[in-house]
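Survey of secondary and tertiary structure
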Amino acid sequence: MIRVVVVRDEGYFGVPVRTFLETEPDMHYVTTLPFNGELAPRAAQLWPAVIVIDTEYMVSQVLPVADELHTAIPSCATLLLCDPSKRGMLPPRRWNGGMNFLLKSAAASSLADSVRRLAAGERVVSPILQAASLNTDRGLSTRELEVLGLAAEGESVKEIAGRLYLSGGTVRNYLSAVIAKTGARNRLDAIRIARKEGWLR
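In this text the structure is predicted, and so the values were computed from the model without any measurement.

This part takes up the packing of helix 6 (residues 142-152) against helix 9 (residues 187-196). The geometry of helix 6 relative to helix 9 is characterised by a closest axis approach of 10 Å and an angle of 110° between their N-to-C directions. With respect to helix 9, the axis of helix 6 lies roughly perpendicular. Along its contact with helix 6, which presents Leu148, Ala151 and Ala152, the element helix 9 presents Arg187, Ala190, Ile191, Ala194 and Arg195. Considering only residue class, the contact of helix 6 with helix 9 consists of six nonpolar, no polar and two charged.

This part takes up the pairing of strand 5 (residues 99-103). Taking burial as the measure, the five residues of strand 5 include five buried ones, the bulk of the element. Residues Met99, Phe101 and Leu103 line one face of strand 5 and the alternating positions Asn100 and Leu102 line the opposite face, and both faces are buried. Where strand 4 (residues 77-82) lies against strand 5, five bridges are found, and the strand directions are parallel. Its bridge partner being in strand 5, Leu80 is matched across the sheet by Phe101.

Here we come to helix 8 (residues 168-182). For helix 8, spanning 15 residues, the distance from its first C-alpha to its last is 21 Å, which sits close to the expected 21 Å at 1.5 Å a residue. Restricting attention to buried positions, one finds in helix 8 the residues Val171, Leu175, Val178 and Thr182. The arc enclosing the buried residues of helix 8, seen along the axis, measures out at 55°, which places them on a common side. More than 90 degrees from the buried face of helix 8, the exposed residues found are Asn173 and Ala180.

Here the focus is the sheet that holds strand 4. Hydrogen bonds between backbone atoms are what pair the strands of a sheet, whose relative direction is either parallel or antiparallel. Pairing is parallel across the open sheet formed by five strands, whose spatial order is 2-1-3-4-5. Here the strands that pair on one side only, and so sit at the sheet edges, are strand 2 (27-34) and strand 5. The mean inter-strand angle of the sheet, taken between neighbouring strand axes irrespective of direction, is 25°. Sheet topology note: the strand 1 (residues 2-8)/strand 2 ladder contains seven bridges and is parallel. Across the sheet, residue Val4 finds its bridge partner in strand 2, namely Tyr29.

The subject of this paragraph is the side chain of Asn100. With respect to the helices, strands and loops of the structure, Asn100 is situated in strand 5. Apart from the residues lying within four places of it in its own chain, the contact partners of Asn100 are Thr78, Leu79, Leu80, Leu118, Glu122, Arg123 and Val124.

Further remarks concern the pattern of salt bridges. Scanning the model with the defined rule gives 12 salt bridges in all. A salt bridge links Lys104 to Glu56, with the nearest nitrogen and oxygen atoms 3.7 Å apart. With Lys104 in the loop between strand 5 and helix 4 (108-119) and Glu56 in the loop between strand 3 (50-54) and helix 3 (59-72), the pair connects residues that are 48 residues apart, well separated along the chain. Linking Arg143 and Glu146 is a salt bridge whose minimum nitrogen-to-oxygen distance equals 3.6 Å. Here Glu146 and Arg143 lie together in helix 6, a separation of three residues that amounts to about one turn. Judged by relative accessible area, which is 2%, Glu146 ranks as buried.

Turning our eyes to something else, we now look at the nonpolar core. Counting 42 residues, the largest nonpolar core has Ile51, Val52, Leu111 and Val115 as the members making the most contacts within it. Broken down by secondary-structure element, the contributors of at least two residues to this core are strand 1, strand 2, helix 2 (39-44), strand 3, helix 3, strand 4, strand 5 and helix 4. A total of six residues in this core trace back to one element, the largest contributor, which is helix 3. Among all residues touching Ile51, those that are not within four sequence positions of it are Val5, Val7, Ala43, Leu69, Ile73, Cys76, Ala77, Thr78 and Leu79. Listed in part, the 20 residues of the second largest apolar core include Val147, Ile160, Ile191 and Ile193.

Attention shifts here to helix 6. With nine of 11 residues buried, helix 6 lies mostly within the body of the structure. Looking only at helix 6, the buried set comprises Thr142, Glu144, Leu145, Glu146, Val147, Leu148, Gly149, Leu150 and Ala151. Elements that come into contact with the buried residues of helix 6 comprise helix 3, helix 7 (157-164), helix 8 and helix 9. Looking one or two residues beyond helix 6, the residue adopting positive phi is Gly154, at roughly 95°.

Each value, and the rule that gives it
Residues numbered from 1 in each chain as written. Predicted model: local features only at pLDDT ≥ 70, side-chain atom pairs only at ≥ 80, totals over all residues. Heavy atoms only, no water. Axes fitted to C-alpha atoms, helices over the stretch in contact; angles between N-to-C directions. Helix = DSSP H or I, 4+ residues; strand = E, 2+ residues; numbered from the N terminus. Parallel < 35°, antiparallel > 145°, perpendicular 65-115°, else oblique. Contact = heavy atoms within 4.5 Å. Nonpolar A, V, L, I, M, F, W, Y, C, P; charged D, E, K, R; others polar. Buried < 20%, exposed > 50% of the residue type's maximum accessible area, 1.4 Å probe, protein only. Pairing = 2+ DSSP bridges. Expected span 1.5 Å × (residues − 1). Arc of directions from axis to C-beta. Salt bridge = Lys/Arg side-chain N within 4 Å of Asp/Glu carboxyl O. Core = buried A, V, L, I, M, F, W, Y, C linked by side-chain atoms within 4.5 Å.

Shape descriptors only; they carry no functional weight alone.
Structure representation (structure tokens):
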């Protein structure tokens, strides 16, 4: 049996992914966890083979959490459901991490097949999402958006460095690059511009 944990935003009322998974005879839906700062330690206690993340947060905001999940549960695969019609919901053009990407509107059979492939050690990236990602121009790199996203949540340079396993100097360099690329006056102005452009939630 493939143990699957679903992650959702608190207060999000989309179609529950669990309804698709519970009908599969080879899958065991464990529970649904909220997408918050306690996700990794809570998920680690459940030993899932696959975690399906169904969130309205942007990819740049999910990636640091995915890193934490991979550190806490190295054997677990992570699948993010994305809506390509929304800004910030496309896979990074260059991503060597363990995150996998599937259309949020994918059929139940496609979701189940993806979970099985992940449990077998394969990677899953929807061709539609991959093509859309290659054809978009956000101006900022995925890592720059990760750093800016954490700064937007109020985290300090030291906290961001700890979350992303970077040095404080590297984090400052990323923030400086973001400010330069967006033409912002400072970090807060860069966050405002990124939100206006739809790069951050």
